[in-house]
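This is what each chain is made of:
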Amino acid sequence: MAGALVLLTLAAAACDDGTSAGASGGAEETLTIYSGREEEYVEGLFEDFEKSEGIDLEVRYGDSAELAATLAEEGEASPADVFFSQDAGSLGAVAGAGLFAEIDEEVLGSIDERFRSPENLWVGTSARARVAAYNTEALAAEDMPDSVLDFAEPEWEGRIGFPPTNASFQAFVAALILLEGEDTATEFLEGLVANEPLLYEDNEATLRAVADGEVEVGLVNHYYLYEVAAEEGDIPVANHFFDGGDPGALVNVAGVGILATTDGPDAARRFVEYVTGEPGQTYFPEATHEYPVAEGFNAPEDLPPLDDIEAPEVDLSDLAGTLEPALELMAEVGLL
Amino acid sequence: MISAPLGRGRRAGAVARLRGQGPRRPPLALRLSGLAVAALMVVPLVYLVVRAWGGDSGSWELILRGRTVWLALRSAGLAAAVTAGAVALGVPLAWLTTRTDLPGRRAFAVAAALPLVIPSYIGAFAILSALGPRGMLQEMLEGPLGVERLPDISGFFGAWLALMLFTYPYVFLTVAAGIRGLDPSFEDAGRALGRSPWGVFRKITLPLLKPSIAAGGLLVALYTLHDFGAVSLMRFSVFTQAIYLQYRGSFDRTPAAILSLMLAALAVGVLVLEQSARGRARYYRSGSGSKKPLGRLELGRWKLPAVLFCSAVAGVALVLPLSVIGFWLLRGLAAGAPQVAWSAAGASVLVSAAGATVAVGAALPVALLAARHPGPGSVVTERLAYSGYALPGIVVALAFVFMTTSAVPWLYQSLPLVVLAYVVLFLPQAAEPLRAALLQVGPRIEEAGRALGRSRRTVFVRLVAPLAARGALAGAALVFLTAMKELPATLLLRPTGFETLATRVWTGATAGLYSNAAVPAALLIAISTVPLYLVARRVEAEAGGGRP
């Protein structure tokens, strides 16, 4: 046991080194972010923020849903100031538990109302559209169906792939239930399963499979095409955006909310301003190929403007409440 | 029927007569430390009861639907099948590498233990990418045979295969250690009475190994019950998945808590089964003087099948996942020099070593009570101490989030908390080998010491402790290896900014950057190999009779 104590003391010392080193630059403020967004995609933005605002960030990376559950357990004692979520569902859950403070209307003024909570409890930072990515050697644009629901038809047997455990796919199923009802959603998923789709771990694996011709079509978020192309060079893949408010063209957001228990409300507000303002809104289109959510910023290169996407009318705040039936449905048809 | 009277009835009776009484009452200090450990272990259970209590009746309705029962059956079925498979792999491997003239047995002994360092989610991923419908095997078959698509291996078969291949080393290691502790005089007696080598193995060796097999099988069964990574990659719905879906899909933690309590109940069922499989048998060496080395069996014409069997297991459980990681590693290297996560490696070693040390310390009273003072109190302590091992990591992690933020906020998100969580999660891995070692020490050694006028304490320190040290070392190694791979509790409880190799793998894999994940994954495996190699070599060397 003595050895254990020595080790623990060492561990504690090592840990102090690690966490306090960043704060040694003087009496700067520190903000704790719980980030469900991957380090890879937000690190650059966070570093820019620290430099330009003089506020240190302590970022805790994790899975969005698990971080939301953690926030609920922490309650009053939460060390977090800001929750940066991968999807609107987890934001809605934390908002529903009454853990978010209201964000100033001034800060939110420039953000499209579709992309923030009606009570101003959370706000989107970037938008992503669902697409059907297809292999251009196997299919032409006119081969693509009018609706994502058509992929349940027998002609698509063995030609489709998607990642069922991915939060964005699950949000799409939740939106489908909201838009078309549970019966249609069930019928669609059953048809999809009957077509023996190839199921992948995540969006990126799905897109790579499309590029390799393993499947002809992948149901993914729009920006993975650019992620994979950046690593692999030219790939024979194109994004198909569905028209006419089809559920397959759902536009979802990643976003932030300020915890009611924050001890640095001003710094937290500055952070939200930063990521929803010019720095953030130019960062995401460039770095991750996501759409800006504030007015007056351009879509990423090579992408149709967000306004041209005929997305379905879904209140993103409702997604959180429909996620549970969506997951149950997916489990019932054998996708989870 | 040679083994039964030798191994059980008469010998156990003889021991009891010698002691002249039933189980001794444990000393107060031991009882108190046992209680303290049990108290730490029930943290998740208390939390679950609090959460389950707080919910409305609707949550219970949700739970009592047919699907929940169905999932419980699937979990139990998978645990049974994986355990049976792990025993079917682990026992022959242990026997072949320790007791026969198998060519290359030293290498095979190390290779047989090594799959333990591969996290089951990485293993399942490797199996899928190699044997999936359009995996590497299909690619190889497409050219010559025109196979366009292999049958889907996910589902029950895939989950069973992945879990069996990456957990059988628990059985292998405990059984190999058990064989090492065997008294050869039993086998000699069997042979002298004209049994064939196979008959001796089946009628004498195997029954004597029952406690070791049960101990390893217990670890496998409980591991299978709480695993989430492999079953979710293989898309086989079991209990843990229902719990995860609750956390993911709704903010109401009551249903998840009720489901977790049911999973804990399932684990108690496994413990009861193990208890009965372990039986009342006690296996001490009666012998006077020093134990003589165990003989080696000549395999003869079975040599080739034995080598093929060992190679096949090593190929699928070791070479295959390492190749997949190697593939991504090479891609990463080709794309530019990836960052080597040295600080994460240091952090992993530090926190896992601390977890292993504290776990052995905490396991000691539990194992001592179980081995030396069997009785209702010891049984309850042991059952409680094992409950954390059956719960999914996220449940234990959230329990600690809740308990520390409401009671001891200064402990929250600190390294000692991560270490405590490891102890709760992995205590049985330390306790099982320790108990097995203690059972083999035999009370008569202690009695001899006492008869020579030594205090109980002196006897323990001078006689029992050195003999139990081997079990302690094996237990520490197992906990260290598992802690290196642990993810959910580390993610939720670590100090902000604290990175281990497992969290680095996770970061890379969730971002879809397998090449980034490959470097920490390779490092994780390389580091884990060191303690595992030491344990495996010890097993091999001592079984080989090469004692100093």
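Here the structure is a predicted model, which is why all the values come from computation and not from measurement. (Residues numbered from 1 in each chain as written. Chains lettered and ligands numbered in written order. Predicted model: local features only at pLDDT ≥ 70, side-chain atom pairs only at ≥ 80, totals over all residues. Heavy atoms only, no water.)

(A) Expanded view of the overall build of chain A. A tally of regular secondary structure across chain A gives eleven helices and ten strands. For chain A, whose C-alpha radius of gyration is 21 Å, the value lies close to the compact-globule estimate of 20 Å for 336 residues. A principal-axis box enclosing the C-alpha atoms of chain A has dimensions of 65 × 55 × 40 Å. Counting over 336 residues, chain A shows a buried share of 60%. Put simply, chain A has 11 plus and 72 minus side-chain charges, and the middle of one group is 5 Å from the middle of the other. (Helix = DSSP H or I, 4+ residues; strand = E, 2+ residues; numbered from the N terminus. Rg over C-alpha atoms; globule rule 2.2 N^0.38 Å. Buried < 20%, exposed > 50% of the residue type's maximum accessible area, 1.4 Å probe, protein only. Lys, Arg positive; Asp, Glu negative; His and termini not counted. Charge placed at Lys NZ, Arg CZ, Asp CG, Glu CD.)

(B) Quick look at the packing of aromatic side chains. Following the criterion strictly, the structure yields 19 aromatic pairs over all chains and no others. Here the aromatic rings of Phe49(A) and Tyr274(A) are separated by 5.1 Å at their centres, their planes lie at 75 degrees, and the arrangement is edge-to-face. Separated by 225 residues along the polypeptide, Phe49(A) in helix α2 (residues 39-53) and Tyr274(A) in helix α9 (residues 265-276) bring together distant segments of the chain. Residues Phe49(A) and Tyr274(A) agree in their burial class; the two are buried. Between Tyr422(B) and Phe426(B), the ring centres sit 6.1 Å apart and the planes meet at 35 degrees, which makes this aromatic pair tilted. Linking Tyr422(B) with Phe426(B), this pair stays in helix α20 (residues 415-441), spanning four residues, or about one helical turn. One exposure class covers both Tyr422(B) and Phe426(B), and it is buried. The structure contains a cluster of three or more aromatic residues connected by ring pairs, namely Phe46(A), Phe49(A), Phe84(A), Phe271(A) and Tyr274(A). Directly above the aromatic system of Trp156(A) lies the positively charged group of Arg159(A), at a separation of 4.3 Å from the ring centroid. Positioned above the aromatic ring of Phe402(B), the side-chain terminus of Arg51(B) is 4.8 Å from the ring centre. (Phe/Tyr/Trp six-rings, centres within 6.5 Å; stacked < 30°, edge-to-face > 60°. Lys NZ or Arg CZ within 6 Å of the ring centre and 35° of its normal.)

(C) Structural view of the side chain of Ser387(B). Residues and elements named next belong to chain B. Here Ser387 lies in helix α18 (residues 376-390). Overall, the relative accessible area of 8% leaves Ser387 in the buried class. Ignoring anything within four residues of it in the chain, the contact list for Ser387 reads Met41 and Leu45. (Contact = heavy atoms within 4.5 Å.)

(D) Structural view of helix α3 (residues 64-74) of chain A. Of all eleven residues that make up α3(A), eleven are buried, and the element is covered over most of its length. Note on α3(A): the residue one or two positions beyond its end, Gly75(A), has a positive phi of about 55 degrees.

(E) Quick peek at a negative patch on the surface. Residues Asp146(A), Asp243(A), Asp307(A), Asp308(A) and Glu310(A) make up a contiguous surface patch of negative charge. Examined against the element boundaries, Asp308(A) turns out to sit in the loop between α10 (278-287) and α11 (316-332). (Patch = residues over 30% accessible without salt bridge, like charges linked within 9 Å, V, L, I, M, F, W, Y side chains within 5 Å. Areas by Shrake-Rupley, 256 points an atom, 1.4 Å probe, with all protein chains shown as cover. Salt bridge = Lys/Arg side-chain N within 4 Å of Asp/Glu carboxyl O.)

(F) Summary view of the pattern of salt bridges. Counted according to the given criterion, the structure contains 19 salt bridges over all chains. Linking Glu53(A) and Arg270(A) is a salt bridge whose minimum nitrogen-to-oxygen distance equals 3.2 Å. With a gap of 217 residues between them, Glu53(A) in helix α2 and Arg270(A) in helix α9 connect regions that are remote in the sequence. Exposure remark for Arg270(A): the relative accessible area of 31% places this residue in the partly exposed category. One salt-bridge network, held together by shared partners, links Glu39(A), Arg494(B), Glu499(B) and Arg504(B).

(G) A nonpolar patch on the surface, seen in detail. Taken together, the side chains of Leu28(B), Leu32(B) and Leu35(B) define a hydrophobic patch exposed on the protein surface, amounting to about 320 Å² of accessible area. Locating Leu28(B) in the fold gives a position in helix α3 (residues 28-41).

(H) Quick peek at the packing of helix α11 (residues 184-192) of chain B against helix α12 (residues 197-226) of chain B. All names here are of chain B. Interhelical geometry of α11 versus α12 gives an angle of 160 degrees and a closest axis separation of 10 Å. In terms of orientation, α11 and α12 fall into the roughly antiparallel class. Pair α11 / α12 crosses with right-handed handedness. Only Val200, Ile204, Thr205 and Leu208 of α12 make contact with α11, whose side of the interface consists of Phe186, Glu187, Gly190 and Arg191. Residues that form the contact of α11 with α12 fall into these classes: four nonpolar, two polar and two charged. (Axes fitted to C-alpha atoms, helices over the stretch in contact; angles between N-to-C directions. Parallel < 35°, antiparallel > 145°, perpendicular 65-115°, else oblique. Left-handed = near helix turned anticlockwise from the far one by under 90°. Nonpolar A, V, L, I, M, F, W, Y, C, P; charged D, E, K, R; others polar.)

(I) Representation of helix α6 (residues 167-194) of chain A. Residue and element names in this part refer to chain A. Helix length check: α6 (28 residues) gives 22 Å between terminal C-alpha atoms against 40 Å at 1.5 Å per residue, more than 12% under. At Glu180, α6 shows its largest bend, some 120 degrees. Its side-chain oxygen placed 2.8 Å from the backbone nitrogen of Ser168, Asn166 serves as the N-cap of α6. Positive phi appears at Glu196, one or two residues downstream of α6, with a value of about 45 degrees. (Expected span 1.5 Å × (residues − 1). Bend = angle between axes of the 7 residues up to and from the residue. Polar contact = N/O pair within 3.5 Å; in protein donor to acceptor, adjacent residues only side chain to side chain.)

(J) Region of interest: unusual backbone geometry. Residues and elements named next belong to chain A. Of note, Asn120 is a non-glycine position whose phi angle comes to about 60 degrees, a positive value. With respect to the helices, strands and loops of the structure, Asn120 is situated in the loop between α5 (105-108) and β5 (123-135). Exposure remark for Asn120: the relative accessible area of 8% places this residue in the buried category.

(K) Main features of the packing of α3(B) against helix α17 (residues 342-372) of chain B. Residues and elements named next belong to chain B. Interhelical geometry of α3 versus α17 gives an angle of 120 degrees and a closest axis separation of 8 Å. Classified by the angle between their axes, α3 and α17 sit oblique to one another. As for how α3 packs across α17, the hand of that crossing is left-handed. Along its contact with α3, which presents Leu30, Ser33, Gly34 and Val37, the element α17 presents Ala362, Pro365, Val366, Leu368 and Leu369.

(L) The arrangement of the interface of chain B and chain A in detail. Facing the 59 residues of chain B at the interface are 59 residues of chain A. Between chain B and chain A the total buried area reaches about 4900 Å² when both faces are included, carbon and sulfur atoms providing 59% of it. Inspection of the region where chain B meets chain A yields two salt bridges. Across the contact surface, chain B and chain A share nine residue pairs in polar contact (both at pLDDT 80 or more). For the side of chain B that touches chain A, the leading source of residues is helix α14 (residues 239-249) of chain B, giving seven residues. Looking at side-chain class alone, the side of chain B that touches chain A contains 31 nonpolar, 16 polar and twelve charged residues. (Buried area = accessible area lost by both parts, 1.4 Å probe.)

(M) Here's a closer look at the confidence of the model for chain B. Residues and elements named next belong to chain B. Taken residue by residue, chain B gives an average pLDDT of 80. The fraction at 70 or more is 84%. At the low end of the mean pLDDT range in chain B sits helix α1 (residues 3-7), at 36; at the high end sits α17, at 92. A low-confidence stretch, residues 1-22 stays under pLDDT 50, and its non-local contacts, those more than four residues away or across chains, total 29 contacts. Low pLDDT, under 50, characterises residues 285-290; the stretch is placed with eight contacts to residues that sit more than four places away or in other chains. (pLDDT = per-residue confidence, 0-100.)

(N) Expanded view of the domain arrangement of chain A. Residues and elements named next belong to chain A. When cut into domains, chain A gives domain 1 (29-127 + 251-306) and domain 2 (128-250 + 312-332). Measuring from the centre of the C-alpha atoms in domain 1 to the corresponding centre in domain 2 gives 26 Å. Taken together, the contact between domain 1 and domain 2 spans 26 residues of the former and 15 residues of the latter. Interface area, domain 1 with domain 2, both sides summed: about 1700 Å², of which 58% is carbon and sulfur. For the interface between domain 1 and domain 2, the tally reads one salt bridge. The residue Arg128 makes a salt bridge to Glu290 at a minimum N-O spacing of 2.9 Å. Our enumeration of links across domain 1 and domain 2 arrives at five residue pairs in polar contact (both at pLDDT 80 or more). (Domains from an automatic or database assignment.)

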